[in-house]
Amino acid sequence: MAKRIPDLLGALAAAYPAARTELVFHSPFELLVATMLSAQTTDRQVNRVTPLLFARYPTPEALAAADPEVLAGEIAGVGLNRTKARHLVSAAQRLAAVFHGQVPPRLEDLLTLPGVGRKTAKVVLANAFGIPGLAVDTHVFRVARRLGLSAGRTPLEVEKDLEAQIPPTAWTATHHRLIQHGRRVCRARNPRCASCPLGAYCLFRTQPEKSTD
Ligand code: SF4
């Protein structure tokens, strides 16, 4: 039992050795914008709109001056575009006014930006600044619970459980791997249990009544 977590992480790494974010970005600011756009849409869809967006608004100052209505039209492909546009402009205004036009590399600071929650902040810290983190999105939440890594009822509870069991050096990679597993195999509906590389460790498959999905 003591080896269960290392064995599970080993199987996860073997299944998804190169898992990383699929969002295209070249700076912390671009990753912040892309991650804010990614809520309830696919990374591919975000990557379709960001080249034009980054060309028009290359800095927080430029985005801070954008008209939210115009911006909503420019990001119409990602859904929830009006809310996201408002948040992007407000967050950029705060970056410009409070953080000297820089994305701050601190969780507490990122969480003060409008529209930035814990998941977005930790994704930015991990992928733009190399600060280990285990952001819990819908895939990580579902897969971690099915695997029996957490019985948490909220993303924060699951995050705490995962970070307590997994070494910090593996947090970021595990985040990406759990997401890939959730997208490709352990889908919300009709998970592909028969061909799952983690089946030996899964509570959901062996004791499905323990899952609340
Ligand atoms: S066995 Fe099924 S439920 Fe368990 S992790 Fe694999 S795909 Fe998900």
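Cut-offs used in this document
Residues numbered from 1 in each chain as written. Predicted model: local features only at pLDDT ≥ 70, side-chain atom pairs only at ≥ 80, totals over all residues. Heavy atoms only, no water. Helix = DSSP H or I, 4+ residues; strand = E, 2+ residues; numbered from the N terminus. Rg over C-alpha atoms; globule rule 2.2 N^0.38 Å. Contact = heavy atoms within 4.5 Å. Near = heavy atom within 4 Å. Nonpolar A, V, L, I, M, F, W, Y, C, P; charged D, E, K, R; others polar. Domains from an automatic or database assignment. Buried < 20%, exposed > 50% of the residue type's maximum accessible area, 1.4 Å probe, protein only. Polar contact = N/O pair within 3.5 Å; in protein donor to acceptor, adjacent residues only side chain to side chain. Salt bridge = Lys/Arg side-chain N within 4 Å of Asp/Glu carboxyl O. Core = buried A, V, L, I, M, F, W, Y, C linked by side-chain atoms within 4.5 Å.

Draft legend 1. Spatial organisation of the overall build of the protein chain. A tally of regular secondary structure across the protein chain gives 12 helices and 0 strands. N-terminal to C-terminal, the α/β element order of the protein chain is α-α-α-α-α-α-α-α-α-α-α-α. Here the protein chain has a C-alpha radius of gyration of 18 Å; the compact-globule value for 213 residues is 17 Å, and the two agree. C-alpha atoms of the protein chain, sized along the principal axes, occupy 55 × 30 × 30 Å. Sequence separation of at least 24 residues holds for 58% of the intrachain contacts in the protein chain that already meet a minimum separation of 6.

Draft legend 2. Focus on the site of the ligand. In the region of the ligand, the neighbouring residues are R146, L147, H181, V185, C186, P191, C193, C196, G199, C202, F204 and R205. A class-by-class count of the residues in the shell around the ligand yields 8 nonpolar, 2 polar and 2 charged.

Draft legend 3. Quick peek at the domain arrangement of the protein chain. If you check the domain split of the protein chain, you get domain 1 (4-18 + 134-210) and domain 2 (28-121). Measuring from the centre of the C-alpha atoms in domain 1 to the corresponding centre in domain 2 gives 28 Å.

Draft legend 4. Seen up close, the environment of R142. For R142, the location among the structural elements is in helix α9 (residues 138-146). The class of R142 is buried, set by a relative accessible area of 7%. Note: C-alpha distance between R142 and P155 (13 residues apart in sequence) is 9.6 Å. A distance of 3.0 Å separates a polar atom in the side chain of R142 from the backbone oxygen of C186.

Draft legend 5. Inspection of the pattern of salt bridges at higher detail. Scanning the entire structure with this criterion turns up 8 salt bridges. A salt bridge links E22 to R183; the nearest nitrogen and oxygen atoms lie 3.9 Å apart. Here E22, found in the loop between α1 (4-15) and α2 (28-37), pairs with R183, found in helix α11 (residues 171-184); they are 161 residues apart in sequence, far enough to count as distant. Looking at R183, the relative accessible area reads 32%, which means it is partly exposed. Note that E159 is salt-bridged to R118, the shortest N-O span being 2.8 Å. Residue E159 is located in helix α10 (residues 155-165), and its partner R118 is located in helix α8 (residues 118-129); the two are separated by 41 residues in the primary sequence. Residue classification places R118 among the partly exposed positions, given a relative accessible area of 28%. Connected via shared salt-bridge partners are R118, K122, E159 and E163.

Draft legend 6. Representation of the nonpolar core within the structure. Counting residues in hydrophobic clusters, the biggest one holds 35 residues, and the most contacted among them are L37, L63 and L71. Taken together, the elements giving at least two residues each to this core come down to α2, α3 (43-56), α4 (60-64), α5 (68-74), α6 (81-98), α7 (107-110) and α8. The greatest single-element share of this core, amounting to 7 residues, is contributed by α2. Discounting residues that sit within four places of it in the chain, L37 has contacts with V46, V49, T50, L53, I75, V78, K84 and L88.

Draft legend 7. Highlighting the side chain of S38. Tracing the sequence through the fold places S38 in the loop between α2 and α3. Take S38: its relative accessible area is 11%, and that puts it in the buried class. From its side chain, S38 meets the backbone oxygen of T35 in a polar contact 2.7 Å long. Residues within four places of S38 in sequence aside, it is in contact with L23, D43, V46 and K84.

Draft legend 8. Quick look at α2. Among the 10 residues of α2, 9 are classified as buried, and the element is accordingly described as predominantly covered. Considered for burial, the residues of α2 that qualify are F29, E30, L31, L32, V33, A34, T35, M36 and L37. Where α2 is buried, its residues meet α3, α4, α6 and α8.

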